[in-house]
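If you want the building blocks of each chain, they are given just below.
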Amino acid sequence: MDNSLKRATALMAVVLMLTGCSSQDNKSNNHSTDDARLEPVEQAYDGCDKLLGSDHGSFKLPEKISKVDFNKVYSLSCNTLKNDDMTNAEKLFKTFYGDDFDESALSTDNGGIVYQAGMNTSAYWGMDIALYSADYEFQENNSGQTYVVGLDEGGITLGGKAIDVTDIDSGLNNYLADFYKDFTINTKEFSVNDTVGRIDFTASLDYENVPFQYSPSAYSRADNENNMSYWTFLQVTGSIGADGKFDFINANAPLNILDKTEKTEMIPFDEAVKILETELAKGSYYEFSNVELMYCCLANQPALDMTEEDNVAKAEQLAEEYNKTPKNFEPMWCFEIKGGEGAKEYIKVNALSGEVFIDCLLYTSPSPRDGATS
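### Side note on the overall build of the protein chain
- On a plain count of helices and strands, the protein chain comes out with six helices and 25 strands.
- Counting across all 374 residues of the protein chain, residues that qualify as buried make up 51%.
- Across the protein chain, the fraction of contacts at a sequence separation of at least 24, relative to all contacts at a separation of at least 6, is 71%.
- On the protein chain, roughly 17,800 Å² of surface is accessible, and the fraction owed to carbon and sulfur atoms is 45%.

### So, the packing of aromatic side chains
- Under the counting rule described, the total for this entry stands at 27 aromatic pairs.
- Seen in terms of ring centroids, Tyr219 and Phe357 are 4.9 Å apart; in terms of plane orientation they differ by 80 degrees. Their pairing is edge-to-face. Placement of the pair is Tyr219 in the loop between β14 (210–211) and β15 (220–222) and Phe357 in strand β25 (residues 356–359), with a sequence separation of 138 residues.
- Residue Phe357 is classed as buried on the basis of its relative accessible area, which comes to 8%.
- These aromatic residues form a ring-pair network of at least three members: Tyr74, Tyr124, Phe179, Tyr180, Phe183, Tyr207, Phe212, Tyr295 and Phe329.
- Across the ring face of Tyr74, the terminal group of Lys260 is positioned such that the distance to the ring centre comes to 4.9 Å.
- A cation sits over an aromatic face here: Lys348 above Trp231, 3.7 Å from the ring centre.

### A short note on unusual backbone geometry
- In the Ramachandran plot, Glu208 falls in the positive-phi region, its phi being about 50 degrees despite a non-glycine side chain.
- As for its placement among the helices and strands, Glu208 is situated in the loop between β13 (198–207) and β14.
- You can call Glu208 partly exposed: its relative accessible area is 35%.
- With a phi close to 80 degrees, Asn209 is a non-glycine residue in the positive phi region.
- In this structure, Asn209 sits in the loop between β13 and β14.
- The exposure class assigned to Asn209 is partly exposed, which follows from its relative accessible area of 42%.

### Focus on the sheet that holds strand β22 (residues 298–301)
- Judged by pairing direction, the sheet is antiparallel, and its three strands sit side by side in the order β15-β16-β22 without closing on themselves. Each end of this open sheet is capped by a strand with a single partner; those strands are β15 and β22. Across the sheet, the axes of successive neighbouring strands diverge by a mean angle of 15 degrees, strand direction being ignored.
- Where strand β16 (residues 228–231) meets β22, four bridges bridge the pair, whose relative direction is antiparallel. Bridge assignment links Met228 to a residue of β22, and that residue is Gln301.

### Digging into the nonpolar core
- In terms of nonpolar packing, the biggest core is built from 84 residues, with Phe70, Val236, Met266, Phe269, Trp333, Phe335 and Ile347 touching the most fellow members.
- Residues contacting Phe335, with those up to four places away along its chain left out, are Leu61, Phe269, Ala272, Val273, Leu276, Phe288, Asn290, Val291, Glu345, Tyr346, Ile347 and Val349.
- Core analysis: the second largest hydrophobic core is formed by nine residues, Trp231, Met332, Cys334 and Phe357 among them.

### Details of the confidence of the model for the protein chain
- On average, the protein chain scores 85 in pLDDT, and the residues at 70 or more come to 84%.
- Across residues 1–27, where pLDDT falls below 50, the model places 58 contacts with residues more than four positions away in sequence or in other chains.

### Examining the pairing of β25
- The alternating pattern of β25 places Val356 and Ile358 on one face and Phe357 and Asp359 on the opposite face, and all of these are buried.
- For strand β24 (residues 346–350) and β25, the ladder comprises four bridges, and the chain directions are antiparallel. From the neighbouring strand, Ile347 faces β25, where its bridge partner is Ile358.
- Counting the residues in the hairpin turn of β24 and β25 gives five residues, including Gly354, whose phi is positive at 85 degrees.

### Quick look at the pattern of salt bridges
- Enumeration over the complete set of coordinates arrives at 15 salt bridges.
- Here Arg37 and Glu271 are joined by a salt bridge, their closest N and O atoms 2.9 Å apart. A residue pair is termed long-range when its members are at least 10 positions apart, and Arg37 in the loop between β1 (30–31) and β2 (39–40) and Glu271 in helix α5 (residues 269–279) qualify at 234 residues.
- By relative accessible area, which is 28% here, Arg37 ends up partly exposed.
- A relative accessible area of 10% places Glu271 in the buried class.

### Thoughts on helix α3 (residues 87–97)
- Residues of α3 that are buried: Ala89, Leu92, Phe93, Phe96 and Tyr97. With its buried residues spanning 115 degrees around the axis, α3 presents them on a single face.
- Next to the buried residues of α3 lie β5 (106–109), β6 (112–117), β7 (120–124), β8 (129–132), α4 (165–175) and β18 (246–251).
- Of the residues one or two after α3, Gly98 is the one with positive phi, at around 55 degrees.

### Observations concerning the pairing of strand β21 (residues 286–296)
- Counting buried positions along β21 yields nine of eleven residues, so the element is predominantly enclosed.
- Alignment of strand β3 (residues 59–60) against β21, held across two bridges, turns out to be parallel. Looking at β21, one finds that Phe59 is bridged to Tyr286.
- Relative to strand β23 (residues 327–337), β21 runs antiparallel, the two sharing eight bridges. Considered in β23, the bridge of Cys296 is made with Glu330.

About the cut-offs
Residues numbered from 1 in each chain as written. Predicted model: local features only at pLDDT ≥ 70, side-chain atom pairs only at ≥ 80, totals over all residues. Heavy atoms only, no water. Helix = DSSP H or I, 4+ residues; strand = E, 2+ residues; numbered from the N terminus. Buried < 20%, exposed > 50% of the residue type's maximum accessible area, 1.4 Å probe, protein only. Contact = heavy atoms within 4.5 Å. Areas by Shrake-Rupley, 256 points an atom, 1.4 Å probe, with all protein chains shown as cover. Phe/Tyr/Trp six-rings, centres within 6.5 Å; stacked < 30°, edge-to-face > 60°. Lys NZ or Arg CZ within 6 Å of the ring centre and 35° of its normal. Pairing = 2+ DSSP bridges. Axes fitted to C-alpha atoms, helices over the stretch in contact; angles between N-to-C directions. Core = buried A, V, L, I, M, F, W, Y, C linked by side-chain atoms within 4.5 Å. pLDDT = per-residue confidence, 0-100. Salt bridge = Lys/Arg side-chain N within 4 Å of Asp/Glu carboxyl O. Arc of directions from axis to C-beta.

Quick look at the structure:
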């Protein structure tokens, strides 16, 4: 196996090539809030249904949101550790390929384990894991129907056949049970491609029913030394065919929970809306397509220079140290801005502190753009 492929995979969870990185110091993205109202966690959605679809001058709420059923939230300290034990990965390969598994196609490579399936290579080097069927071929799906769980009406069909979302969830959880011992996998978004006969999906990793941010978001900032600031995400992506079998699964390296502090009170949905009414700049206008409570972390990553062979060893060491560094995750109300392309754009309200963050590509001052501001 080419060492460059190994390095790229091992650093996948660290080096995030998000669309449209900004080199500006966007301090105006962050807004502080004082004296936000706190309520018991179980009352987080009180008053929510009355607000959905309402217009608040500087923003409009969606008709529906993706609610999660939870009774506990935490402030979490997490890191990511490389796993040198390949036992579970080998077991997963055997389960994924089933009767087609060929022991001779399995090999070790520089501390990892790989499986050659036709022209595709499934691999694990202690961080992310990628599984490909022998006939999987990546194809862009630019015209397929997209579904968001909890928002779209009706079931999902592929080639006229109904697809049960719970079957996908249970399949993923069964495959990855040893990989994600502290988390539950829940599919969030589907893209149906009838032309090639498959469904592409994105799933979240949930801790006691509250998901971690599962999609890359637009805000990213580099300082003069190319140290990066961005919002982390943790996801499982893949494809399932009309036969109900997984063609592809890519699972991000699991988080290791170092410490957690339970919070008995939090800012409820209706208070988060009031905070936006006060904090968003006058003259701005946002239309939201969804609102989700998610664990989020604004990370600060050191520069990783992989452009020259002499820098690779140092970059790998920095990446390992960065992964081991504790990172703080807190529950946030994530108001998703409608109409974005590529990485998602959010306005986030910290559900513990009330702090507001404009998680957009660029944000220095309000300026209309098709009825919204970024």
